[in-house]
Amino acid sequence: MPKEIKIDVDKITSPAFVLQEDLLIQNLEKLQYFQKQAGISIICALKGYAFHATFPLLKKYLSGATASSLHEAKLVYEEMKTKPHTYCAVYIPKDFQEISKISSHLTFNSMSEWERYKNNIPNGVKCGLRVNPGYSEIQTELYNPASPNSRLGIEASLLPKNLPKGITGLHFHAMCENDANTLENVLTSFSKLYHHQIQQAEWLNFGGGHLITNENYNVEYGINVIQNFKQKYPNIKEIILEPGSAIGWETGYLVATILDIVENGNIKTAMLDVSFTCHMPDCLEMPYQPKIYGSVKQPKHKYRMGGLSCLAGDVMGDWYFNDALHVGQKIIFLDMIHYTMVKTTTFNGINLPDIGIWKDDQYQIINQFGFQDYKNRLS
């Protein structure tokens, strides 16, 4: 179940994403310990956590951030005041010059892209190639970047035995909310396929998906896995991990309000002022059912949760509650700060939730949205 919830929902106007700062600090302290003991760099992946109001706090604990687009790179540069590690699945030519000027590392997805841009790299920027490590334990194909024939990363058979001049690092990404045992298995495959090239590299990026802040993650085992790998390859000067989920893991909520309760057949649906397709798309894509604070496992009062869009599938269920729900009641969806926030849309003209922080028993609204945010996206 969730970590200690300290927010007072009566002080929060829904819908709102609310980050509980003390829980974020707990995660950052754990990541900082892992980083120090393993002798690596842990950086924040914006694709999973882009809550930039907290970037100054992240900078105190972590070693920077990673970006996968010009806008992410600019957000890191402007709000974290550091140069990002940048990897794009494919670089947009008109963006490349600006990205390269504000990045510390540039990783390329193919040999052809490296050939296209290798003569336009600013001095001091470290360059790497993304490879496919040939192993993954991700069950949902939508989220599996290391599947056979993946468009992401260079297969071992296509990578030159000798790294091209100018390439000093290798990058892979093959995990999604996985543990240290999975990392060990991935590294076994990575080493087998790319041993010769690893021996020539100066830095390695092990990508994201390392769920270090999960209570079930064996931190000491993970540290040993990385230390053993470093002993095998003493030429590697830096190893980088770039988790997104682990930073925001169980640090905040999406607060909603029941606007109506409809009953069709034998199903009661609580109609909310939030939308699964607009505000929680991962729930439909993955798919997974988020936890609701106060729900129980016993089949007492049964409700389905309905979003406010006109999409027929904007619904999830079922949850059980000890007491009957009522119009005006607040619903707290747990663990909604990582990935969920960065994927929101304004489909159907539905407004985006507020963004706020709960700190020192006070609620601070960081940002609110309205009609112009919807209008300006469309023409």
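It should be noted that the structure appears before, not after, this text.
This structure is a prediction, so every number in the text was calculated from the model and none was measured.

Conventions adopted
- Residues numbered from 1 in each chain as written.
- Predicted model: local features only at pLDDT ≥ 70, side-chain atom pairs only at ≥ 80, totals over all residues.
- Heavy atoms only, no water.
- 1 Å grid on protein atoms, 1.4 Å probe; cavity = no way out; pocket = protein on both sides within 12 Å on 5 of 7 lines; lining within 4 Å.
- Points joined across faces, edges and corners; volume = space filled by probe spheres on them.
- Helix = DSSP H or I, 4+ residues; strand = E, 2+ residues; numbered from the N terminus.
- Nonpolar A, V, L, I, M, F, W, Y, C, P; charged D, E, K, R; others polar.
- Pairing = 2+ DSSP bridges.
- Right-handed = clockwise from strand over helix to strand, strands pointing away.
- Contact = heavy atoms within 4.5 Å.
- Axes fitted to C-alpha atoms, helices over the stretch in contact; angles between N-to-C directions.
- Parallel < 35°, antiparallel > 145°, perpendicular 65-115°, else oblique.

Asker: What exactly am I supposed to notice about the layout of surface pockets here?
Answerer: Where empty space is left in the structure can be found by rolling a water-sized probe over the atoms. In this structure, the second largest pocket occupies an estimated 580 Å³ of space. For the lining of the second largest pocket, the secondary-structure elements that each account for two or more residues are α3 (70-80) and β17 (362-367). Of the residues belonging to the lining of the second largest pocket, the class tally is 15 nonpolar, six polar and three charged.

Asker: I would appreciate a short explanation of the pairing of strand β10 (residues 238-241) in the present structure.
Answerer: Every regular strand shows the same layout, with side chains that alternate between the two sheet faces. Across two bridges, the pairing between strand β2 (residues 41-42) and β10 is parallel. Looking at β10, one finds that S41 is bridged to I240. Strand direction decides the pairing type here: strand β9 (residues 203-205) and β10, joined by three bridges, are parallel. Pairing of L204 across the sheet is with I239, part of β10. Each parallel crossover has a hand, and the one from β9 via helix α7 (residues 219-232) to β10 is right-handed.

Asker: I would appreciate a short explanation of the side chain of T340 in the present structure.
Answerer: Tracing the sequence through the fold places T340 in the loop between β15 (330-334) and β16 (354-359). Look past the residues within four positions of T340 in its chain and what remains in contact with it is F17, H279, M280 and Y288.

Asker: Any chance you could explain the packing of helix α6 (residues 180-198) against α7 here in plain terms?
Answerer: What describes two packed helices is the angle between their axes and the distance between those same axes. Look at α6 against α7: their axes get within 10 Å of each other, and the N-to-C directions meet at 10 degrees. Looking at the two axes, α6 sits roughly parallel to α7. Where α6 abuts α7, its residues A180, N181, L183, E184, L187, F190, S191 and I198 lie against Y221, G222, V225, I226, F229 and K232. For the contact of α6 with α7, the class distribution of residues is nine nonpolar, three polar and two charged.

Asker: How should the sheet that holds β2 be read in this particular structure?
Answerer: To summarise the sheet geometry, strands pair through backbone hydrogen bonds and adopt either a parallel or an antiparallel arrangement. Read across the open sheet, the nine strands follow the order β2-β10-β9-β8-β7-β6-β5-β4-β3; overall the sheet is parallel. Edge positions in the sheet fall to β2 and β3 (44-45), since each of these pairs with one other strand and no more. Summarising the sheet, β3 and strand β4 (residues 65-67) pair through two bridges and their orientation is parallel. Its bridge partner being in β4, A45 is matched across the sheet by T66. Its contacts with the sheet place α3 against β4 and β5 (85-87), and it is angled at close to 150 degrees to β4.

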